[in-house]
Amino acid sequence: THKFWETQPVGQFKDIGDTSLPEGPIEPATPLSEVKQDPYNLPSVYEWTTCDMASDDICSEVYNLLRSNYVEDDENMFRFNYSKEFLSGVPARIRVRDEVVKMAEINFLCVHKKLRSKRLAPVMIKEVTRRVHLENIWQAAYTAGVVLPTPITTCQYWHRSLNPKKLIDVGFSRLGARMTMSRTIKLYKLPEALVTPGFRKMELLDVPAVTRLLRNYLSQFGVATDFDENDVEHWLLPREDVVDSYLVESPETHDVTDFCSFYTLPSTILGNPNYTTLKAAYSYYNVATQTSFLQLMNDALIVSKQKGFDVFNALDVMHNESFLKELKFGPGDGQLHYYLYNYRLRSALKPSELGLVLL
Ligand code: NHW
Ligand code: EN5
C-alpha cells in the first residue's frame, strides 16, 4: 500500500482499466488565494530553506548532498553524480494527446541517507506541490526507478559499451559466456571516422531549424515535450560536459535534415580501488529524416567514444528501439517509470509512444 500516494491526485492502481474515468486533470485549479500560504510543518529541529542556486556556496551544498546521497543502482555499485549545471528547476510545456499543459518537471528529490524512512519525502513533495501551485501550475511530470501509483509508461534502460575493459573492471558489465576480453574489445570497437556527410555540431544559428525538425518529430507521440526555440536553445544547444548536439546539414540544400543529442551524467563508482568515475552519455532527443536512424546513432556513438565516454545509455522511448539491438546496446538491470501528477491518462502508453526525456 501507499499511505501517502493514495491521498494524492494521481492515477490509482484500483482505477487501472476503468475507461469511464475522464482523461485530464484529476483536481481543478483553485484561486491562488485558496492555496495554503504558509509552508508545511517539519519535525522540530528541521527548517525549510529556499536554495539560491546562483550562489556558488549554496549550489555546492546541494551538489554535495546529491553526490553523496542521490540515486544508486540496485546493488549500490554506482551513484549518479549530476554536475552543478543540471541543478536548476524550470517549468515545461508537455503535450498530452492534443492538449499542451504547463507542468513542473520534478527532479532531484533527495533525503540524506541518515534521515531515510522517516516520512520526510511526503512532506517535501507536499511542500514543493504547494510552491508550484503558487506559481499557478497544477500538473507535474517526473520519473523514478521505483513503482508508484501509477506509471504512464515503463521504459527499459539500454547500454552500449564504449570502453568494455573498464566497464568489466568496475562491475558495470560482465564478460559474456565464451567471450575473452580481446574478443569483447573487438566486438565493441567503433570506426575512427564519422560516416554521414554534413554531420556537425549544432550551433546557435541552427536553433530555428532544429526546433522545426523536433516539433515535427515529437508531434506523433501521445505524450511529448512541446519545445519552442527558447527551450531548444536552453536544453539542446551544446554545453561542454552537459549536453552535446549534432545535426546533419545537407551538403546540397543546406537543410537541417537529422539531429541527435546526448547529455553527460557521470556516476561515482563506489568502492573500487582503481576507478572513481564512470563517464556515461545518455541519449536525449534524436530525429532522422534523411539519414538512417542506425547510421545517425552510429555517428553519435563514434563522437561519444572520441569524447572519452565509457558507455552510451538510452531508453526505449520514441523510435529508439529501431537502433538499439543493431548497434549492440544490451538491456540493463534498471527500468524508468514515468509519471504525471494531477493528470489522468485513459490508458498507459507504450515506451515508443513517449516523446519525453527528463534529465
Ligand atoms: S527519482 C529519484 C528520487 N531520489 C532518489 O532515489 C535518491 C535516493 N533516495 C532518497 O533520497 C527522480 C529517498 O529514498 C527518497 C524517499 C527521498 C526518494 N518519488 O520519506 P520516506 C525524482 O526526483 C515515497 C516519489 O519515508 P525515504 C522524482 C514512497 O512511495 N515518491 O522515504 C521525484 C512512500 O510513499 P507511500 C517516492 O526513502 C518525484 C514515501 O515516499 C519516491 O526516506 C516526487 C516514503 O517516504 C520517489 N522517487 O525518501 C514526486 N521514493 O505512499 C513529485 C519513495 O508509498 C510529485 N517515495 O507510503 C509532483 C509534485 C509537484 C506537483 C505540482 C502540481
Ligand atoms: C530520474 N531522472 O539502476 C532518474 N541504472 O540499467 C531516477 N545498470 O546502470 C531514476 N546493478 O545494467 C533512475 N549494466 C533509475 C535508474 C537507477 C540507476 C540504475 C541501471 C540501468 C544501470 C547497469 C549497471 C548494473 C550494476 C549492477 C547495467 C549492464 C550493461 C551491459 C553492457 C553490455 C550489454 C548488456 C548490458
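Residues numbered from 1 in each chain as written. Chains lettered and ligands numbered in written order. Predicted model: local features only at pLDDT ≥ 70, side-chain atom pairs only at ≥ 80, totals over all residues. Heavy atoms only, no water.

**Student:** An account of the overall build of the chain is needed here, citing residue identities and associated values.
**Tutor:** Counting secondary structure elements, the chain contains eight helices and 16 strands. Rg of the C-alpha trace for the chain: 21 Å, near the compact-globule value of 21 Å for 359 residues, within the 12% margin. If one aligns the C-alpha atoms of the chain with their principal axes, the spans along those axes are about 60 × 50 × 45 Å. When each of the 359 residues of the chain is scored for burial, the buried share is 48%. For the chain, the accessible area works out to roughly 18600 Å², and carbon and sulfur atoms hold 51% of it. Placing the 39 positive and 45 negative side-chain charges of the chain at their respective mean positions leaves the two points 7 Å apart. (Helix = DSSP H or I, 4+ residues; strand = E, 2+ residues; numbered from the N terminus. Rg over C-alpha atoms; globule rule 2.2 N^0.38 Å. Buried < 20%, exposed > 50% of the residue type's maximum accessible area, 1.4 Å probe, protein only. Areas by Shrake-Rupley, 256 points an atom, 1.4 Å probe, with all protein chains shown as cover. Lys, Arg positive; Asp, Glu negative; His and termini not counted. Charge placed at Lys NZ, Arg CZ, Asp CG, Glu CD.)

**Student:** Describe the site of ligand 2, and please don't skip the residues or the numbers.
**Tutor:** Among the 25 residues in the neighbourhood of ligand 2, the closest are listed as Asp-73, Glu-75, His-159, Phe-172 and Asp-333. Within the side chain of Asp-333, a nitrogen or oxygen atom sits 2.7 Å from a nitrogen atom of ligand 2. A distance of 3.0 Å separates an oxygen atom of ligand 2 from a polar backbone atom of Gly-334. The fraction of the free accessible surface of ligand 2 (870 Å²) that becomes covered by protein chains is 85%. Mapped onto the shell around ligand 2, the elements with two or more residues apiece are strand E1 (78-80), strand E4 (139-144), strand E5 (153-161) and strand E15 (330-341). Among the elements that make up the shell around ligand 2, the one with the highest residue count is E15 (six residues). Residues that form the shell around ligand 2 fall into these classes: 12 nonpolar, nine polar and four charged. (Near = heavy atom within 4 Å. Polar contact = N/O pair within 3.5 Å; in protein donor to acceptor, adjacent residues only side chain to side chain. Nonpolar A, V, L, I, M, F, W, Y, C, P; charged D, E, K, R; others polar.)

**Student:** Could you give an account of a nonpolar patch on the surface, with specific residues and numbers?
**Tutor:** Taken together, the side chains of Phe-13, Ile-16 and Val-147 make up a nonpolar region of the molecular surface, amounting to roughly 290 Å² of accessible area. Tracing the sequence through the fold places Ile-16 in the segment before helix H1 (56-69). With a relative accessible area of 60%, Ile-16 lands in the exposed category. (Patch = residues over 30% accessible without salt bridge, like charges linked within 9 Å, V, L, I, M, F, W, Y side chains within 5 Å. Salt bridge = Lys/Arg side-chain N within 4 Å of Asp/Glu carboxyl O.)

**Student:** How would you explain the site of ligand 1 if you had to name every residue and give the values?
**Tutor:** The local shell around ligand 1 holds 34 residues, among which His-2, Trp-5, Leu-109, Ser-117 and Ala-121 are the closest. Trp-5 is positioned such that a nitrogen or oxygen atom in its backbone is 2.8 Å from an oxygen atom of ligand 1. Between Phe-108 and ligand 1, the recorded distance is 3.1 Å, taken from a backbone N or O atom to an oxygen atom. The fraction of the free accessible surface of ligand 1 (1200 Å²) that becomes covered by protein chains is 88%. Only helix H2 (120-134) and E4 provide two or more residues apiece to the shell around ligand 1. Its residues assigned to classes, the shell around ligand 1 shows 22 nonpolar, eight polar and four charged.

**Student:** Describe the packing of helix H5 (residues 207-218) against helix H6 (residues 229-236), naming the residues involved and giving the relevant values.
**Tutor:** Relative to each other, H5 and H6 sit at 100°, their axes nearing to 9 Å. Between H5 and H6, the angle falls in the class roughly perpendicular. Contact residues: H5 offers Val-207, Pro-208, Val-210, Thr-211 and Leu-214, while H6 offers Glu-229, Val-232, Glu-233 and Leu-236. Considering only residue class, the contact of H5 with H6 consists of six nonpolar, one polar and two charged. (Axes fitted to C-alpha atoms, helices over the stretch in contact; angles between N-to-C directions. Parallel < 35°, antiparallel > 145°, perpendicular 65-115°, else oblique. Contact = heavy atoms within 4.5 Å.)

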